[in-house]
Amino acid sequence: MFNNTSRSIMKSEIESIESELGITFPQSFIEHYLVYNGGIPSTPFFYSETDIETEVQVFSPIKYKNNNSIKTVEEKYIFFKERSVLMSEFLPFANDYGSNQICINLKNNKIYIVYMDLGELNQKCFKYLAKNFEEFINGLSDESIED
């Protein structure tokens, strides 16, 4: 399901990162990352109920970088939180080919895409994709609706 993943991570390492960041990851997110630590999804397309389609380029790893320059989930969280107060409630875990961030809202576990190319970051940049991480993962497809 995922290629080019980073080295495996243990639950205790995830718990340590949660503690360092002062946040809690959703259980389905943790379970996924214990199997696939980041990587490239073999089914990269997601189409939301709100008619938004995106193609996921890569899921960021937790703690262990792969042979690329992709930031880890925790590095992205810190980076975007420092850049905008709006991002303090969002955990970026993946991005599309436009470098738009796919994030978990840490207050309600809903999945959003954050468009980074619309100028200054504001509420209009945040678009709902899925009710939770599990729905997002299960909704990934190998076919674009534009094909």
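Scroll up for the structure.
Please read all numbers here as calculations on a predicted model, not as lab measurements.

## Details of the pairing of strand β4 (residues 53-59)
Phase 1 of the analysis: With three bridges connecting them, strand β3 (residues 45-47) and β4 associate as antiparallel partners. Bridge pairing in β4 places Phe45 opposite Glu55.
Phase 2 of the analysis: The hairpin formed by β3 and β4 contains five residues between the paired strands, and Asp51 there has a positive phi angle of roughly 65°.
Phase 3 of the analysis: Relative to strand β5 (residues 90-96), β4 runs antiparallel, the two sharing three bridges. What sits directly across from Phe59, in β5, is Ala94.

## Quick word on the packing of aromatic side chains
Two descriptors summarise a pair of aromatic rings, namely the distance from one centre to the other and the angle between the planes of the rings.
Phase 1 of the analysis: Evaluation of the coordinates by the stated rule reveals 15 aromatic pairs.
Phase 2 of the analysis: Judged by centre distance (6.4 Å) and plane angle (40°), the ring pair of Phe59 and Phe136 falls under tilted. Taken together, the residues Phe59 in strand β4 and Phe136 in helix α4 (residues 133-139) connect sequence positions 77 residues apart. Comparing Phe59 with Phe136 shows no difference in burial state: the two are buried.
Phase 3 of the analysis: Taking 4.7 Å as the distance between ring centres and 45° as the angle between the ring planes, the aromatic pair formed by Phe90 and Phe126 counts as tilted. Separated by 36 residues along the polypeptide, Phe90 in strand β5 and Phe126 in strand β8 (residues 126-130) bring together distant segments of the chain. Note on accessibility: Phe90 and Phe126 belong to one class, buried.
Phase 4 of the analysis: Taken together through their ring pairs, the aromatic side chains of Phe2, Phe25, Phe29, Tyr33, Tyr36, Phe46, Phe59, Phe93, Phe133 and Phe136 make up a single cluster.
Phase 5 of the analysis: Sitting above the plane of the Tyr64 ring, Arg7 keeps its charged end 3.8 Å from the centroid.
Phase 6 of the analysis: Lys71 extends its terminal NZ or CZ atom over the ring of Phe79, reaching a point 4.0 Å from the ring centre.

## What about the side chain of Gln101?
Phase 1 of the analysis: Looking at the element boundaries, Gln101 is found in strand β6 (residues 101-105).
Phase 2 of the analysis: Engagement of the side chain of Gln101 in a polar contact is seen with the side chain of Lys76, the distance being 2.8 Å.
Phase 3 of the analysis: At 3.0 Å, the side chain of Gln101 and the backbone oxygen of Ser99 are in polar contact.
Phase 4 of the analysis: When neighbours within four sequence positions are excluded, Gln101 is seen to be in contact with Lys76, Phe80, Pro92, Ala94, Asn95, Tyr112, Ile113, Val114 and Met116.

## Structural notes on the packing of helix α1 (residues 11-21) against helix α2 (residues 27-35)
Phase 1 of the analysis: It is the contact of α1 with α2, at a shortest axis distance of 10 Å, that shows an interaxial angle of 135°. Classed by the angle they form, the pair α1 and α2 counts as oblique. Seen from above, α1 lies across α2 with right-handed handedness. Residues Lys11, Ile14 and Glu18 of α1 lie in contact with α2, whose contacting residues are Gln27, Ile30, Tyr33 and Leu34.

## Quick notes on the nonpolar core
Most often, soluble globular proteins keep nonpolar side chains buried together rather than apart.
Phase 1 of the analysis: With 33 residues, the main nonpolar core has Phe29, Phe59, Phe93 and Phe136 as its most contacted residues.
Phase 2 of the analysis: Sequence-distant contacts of Phe59, defined by excluding residues within four places in its chain, comprise Phe2, His32, Tyr33, Gly38, Gly39, Pro41, Phe93, Ala94, Phe133, Phe136, Ile137 and Leu140.
Phase 3 of the analysis: Core analysis: the next-biggest nonpolar cluster, separate from the first, contains 10 residues, Phe80, Cys103, Tyr112 and Met116 among them.

## Some points on unusual backbone geometry
Phase 1 of the analysis: Of note, Asp51 is a non-glycine position whose phi angle comes to about 65°, a positive value.
Phase 2 of the analysis: Look at Lys63: it is not a glycine, yet its phi comes out positive at around 70°.
Phase 3 of the analysis: Inspection of the secondary structure assignment puts Lys63 in the loop between β4 and α3 (73-83).

Analysis parameters
Residues numbered from 1 in each chain as written. Predicted model: local features only at pLDDT ≥ 70, side-chain atom pairs only at ≥ 80, totals over all residues. Heavy atoms only, no water. Pairing = 2+ DSSP bridges. Helix = DSSP H or I, 4+ residues; strand = E, 2+ residues; numbered from the N terminus. Phe/Tyr/Trp six-rings, centres within 6.5 Å; stacked < 30°, edge-to-face > 60°. Buried < 20%, exposed > 50% of the residue type's maximum accessible area, 1.4 Å probe, protein only. Lys NZ or Arg CZ within 6 Å of the ring centre and 35° of its normal. Polar contact = N/O pair within 3.5 Å; in protein donor to acceptor, adjacent residues only side chain to side chain. Contact = heavy atoms within 4.5 Å. Axes fitted to C-alpha atoms, helices over the stretch in contact; angles between N-to-C directions. Parallel < 35°, antiparallel > 145°, perpendicular 65-115°, else oblique. Left-handed = near helix turned anticlockwise from the far one by under 90°. Core = buried A, V, L, I, M, F, W, Y, C linked by side-chain atoms within 4.5 Å.

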